[in-house]
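# What the coordinates show
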Amino acid sequence: MSVYMWNTFCPTLFGTGASGETGERAKALGMHRVMVCTEQALCEFGVVTPVIDALKEAGLEVFVFDRCRADAPSDICDAGAAYVREHAIDGVVAVGGGSTLDTAKAVGIIISQNGTTIRDYYGIGEAEHTLKLITLSTTSGTGSELSQWAVIGDVETGAKEMPVYKPDLAIVDPVLTYSVPAGVTAATGMDVLAHCVEAITNRNYNPYGYIFGKEGIRLTLQWLPVAVKEPKNAQAREAMSLAANLGGMAISACGCQIGHSFSQTFGARHHVPHGLGCAWGLPGVMVYTAKYGERRNLEEVAEAMGVACTAETGTMELAETLAQRVVGLMKELQIKSLRESGFSLEDCLASAEQFAHDGAFGNAPGTPSMEEIREYISYTYAAY
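Residues numbered from 1 in each chain as written. Predicted model: local features only at pLDDT ≥ 70, side-chain atom pairs only at ≥ 80, totals over all residues. Heavy atoms only, no water.

## Some words on empty space enclosed by the protein
Just so we agree on the cut-off: A cavity, in this analysis, means grid points on a 1 Å lattice covering only the protein atoms where a 1.4 Å probe fits yet has no way out; a pocket is instead an open set bounded by protein on both sides within 12 Å along at least five of seven lines, and a residue lines either one if it has an atom within 4 Å of a point. Grid points are joined across faces, edges and corners, and a volume is the space filled by probe spheres set on the points. Under this grouping Gly is polar, as are all residues other than the nonpolar Ala, Val, Leu, Ile, Met, Phe, Trp, Tyr, Cys and Pro and the charged Asp, Glu, Lys and Arg.
In this structure the tally under the stated criterion is 2 cavities of 30 Å³ or more. Approximately 50 Å³ is the volume found for the largest cavity. Lining the largest cavity are Ser137, Thr139, Ser140, Glu145, Val172, Asp173, Thr177, Ser241 and Ala244. Looking at side-chain class alone, the lining of the largest cavity contains 2 nonpolar, 5 polar and 2 charged residues. Considering only enclosed or pocket space, the second largest cavity measures out at about 30 Å³ in volume.

Printed below as a string of structure tokens:
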């Protein structure tokens, strides 16, 4: 019998209206002067306002750093750390999508290590954790609110890097996702599905992660189309918030695989939203797993998706059926294909050389050569 280790996840406060407790929770963690790490658009549209109000009502001093951007650029991370020092901040509350939460994690790393730039801490675990961090996600996608990983876009190399800093508390309030547009809801929801499928199909079998992954798949297929079509549907938003959180736990236990390698390398080159890249890369994950991974993993995915199969069903036949299930979902959600988005096969293949540098790539089944990577990318381009 194999021996497994469960990751210890970030404590999570979950439920509609949970963000109203942010102030008291921050105070309980010992915060006094709080930096709200967020995005300018969330300030303009008032999404972050209730969180700021909750902090002030708890008697905390609030300083707003609203410079976060997509891909968590390394220079913005460095600026955030400088802002913490300038204002003698003793705690951070991050409110936003995955890139904003990752920026806040990077700030925590820099401050805790007495550094000046996140570029010194790529791929390094947190030796010190002195800056408390609360995370609140405004999308149902990355699961970054509980993950120890931060995905940072290096402004000098263009590569995606992954330092480590674990939040002290995640607050998941579906209300914060109500204003997310349909297209963003669809793309971030596909990221949830990718997390769950890739956690189940990579080389790091872990029964704990499988529990989260399978339930995340089931919830996403049932509720993502509803959340896209009915953005104020409270049941759908709560189900997707839960699915995203489960996806975060699944990848914390098992990791991702080659689909995320495509999203992160191609996305870094063309500044494509992470969830959209994950959507495009997911059908090929099924076929890649059929070739180099374990059939039982695909059977687990099929069970979660409600796709019937028997012992007589060929492994590649099963993989193609699952791939088409994902393609059908993307069509239902009106997600544009790579071609429709203006990309050529050559554009996609150009990212192949960077796969080996991506943090998720080592989890992919088998030992893929450059030829096999290019084969996967070619299938990805043709599949949808």
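## What to know about the pattern of salt bridges
Applied cut-off: The salt bridge criterion pairs a side-chain nitrogen of Lys or Arg with a carboxyl oxygen of Asp or Glu, the two atoms within 4 Å. Only runs of H or I of at least four residues qualify as helices and only runs of E of at least two qualify as strands under DSSP, and these elements are numbered from the N terminus. Here's how the labels work: a residue is buried when its accessible area is under 20% of the maximum for its type, exposed when over 50%, partly exposed in between, all with a 1.4 Å probe on protein chains only.
Per the stated rule, a full pass over the model turns up 14 salt bridges. Residues aspartate 154 and arginine 119 are paired through a salt bridge, measuring 2.7 Å at the closest nitrogen-oxygen approach. On the criterion of sequence distance, the pair formed by aspartate 154 in the loop between β6 (152–153) and β7 (160–161) and arginine 119 in the loop between α5 (98–112) and β5 (132–137) is long-range, its members being 35 residues apart. According to the relative accessible area criterion, aspartate 154 is buried, its value standing at 3%. Of the charged contacts in the structure, one is a salt bridge between glutamate 300 and lysine 214, with a shortest N-O distance of 2.8 Å.

## Considering the layout of surface pockets
If you add up the space inside the second largest pocket, you get close to 180 Å³. Lining the second largest pocket we find Arg69, Ala70, Asp71, Pro73, Gly153, Asp154, Val155, Gly158, Ala159, Lys160, Ala268 and His271. Of the residues in the lining of the second largest pocket, the class split is 5 nonpolar, 3 polar and 4 charged.

## Re the pairing of strand β4 (residues 91–96)
Put simply, the test is: Two strands form a pair only when DSSP identifies at least two bridges running between them. Here the term right-handed applies to a crossover when the path leading from its first strand over the helix to its second strand runs clockwise, the strands being oriented away from the viewer.
Within β4, 6 of the 6 residues are buried, which leaves it mostly tucked inside the rest of the structure. Of the two faces of β4, the one holding Gly91, Val93 and Val95 and the one holding Val92, Ala94 and Gly96 are both buried throughout. Where strand β2 (residues 33–37) lies against β4, 4 bridges are found, and the strand directions are parallel. The residue bridging cysteine 37 from the neighbouring strand is alanine 94, located in β4. You can see the chain leave β4, run along α5 and come back into β5, and the turn it takes is right-handed.

## Some remarks on the sheet that holds β5
Two modes of strand pairing occur in sheets, parallel and antiparallel, and in both the strands are linked by backbone hydrogen bonds. Put simply, the rule is: In this description, a line fitted to the C-alpha atoms serves as the axis of each element, helices being fitted only across the stretch in contact, and the angle between N-to-C directions of two axes falls anywhere from 0 to 180 degrees. Any two residues whose heavy atoms approach within 4.5 Å are treated as being in contact.
Across the sheet, 6 strands lie side by side as β1-β8-β5-β4-β2-β3; this open sheet has parallel pairing. Among the strands making up the open sheet, the edge pair consists of β1 (12–14) and β3 (61–65). Between one strand and the next, the sheet's axes are offset by a mean angle of 20°, whatever the strand orientation. Across 6 bridges, β4 lies against β5 in parallel orientation. Counted as the bridge partner of glycine 91 is lysine 132 from β5. Packed on one face of the sheet, helix α4 (residues 74–86) meets β2 and β3 and runs near 155° to β3. The sheet strands contacting helix α8 (residues 234–254) are β1 and β8 (169–172), and the helix crosses β1 at an angle near 165°.

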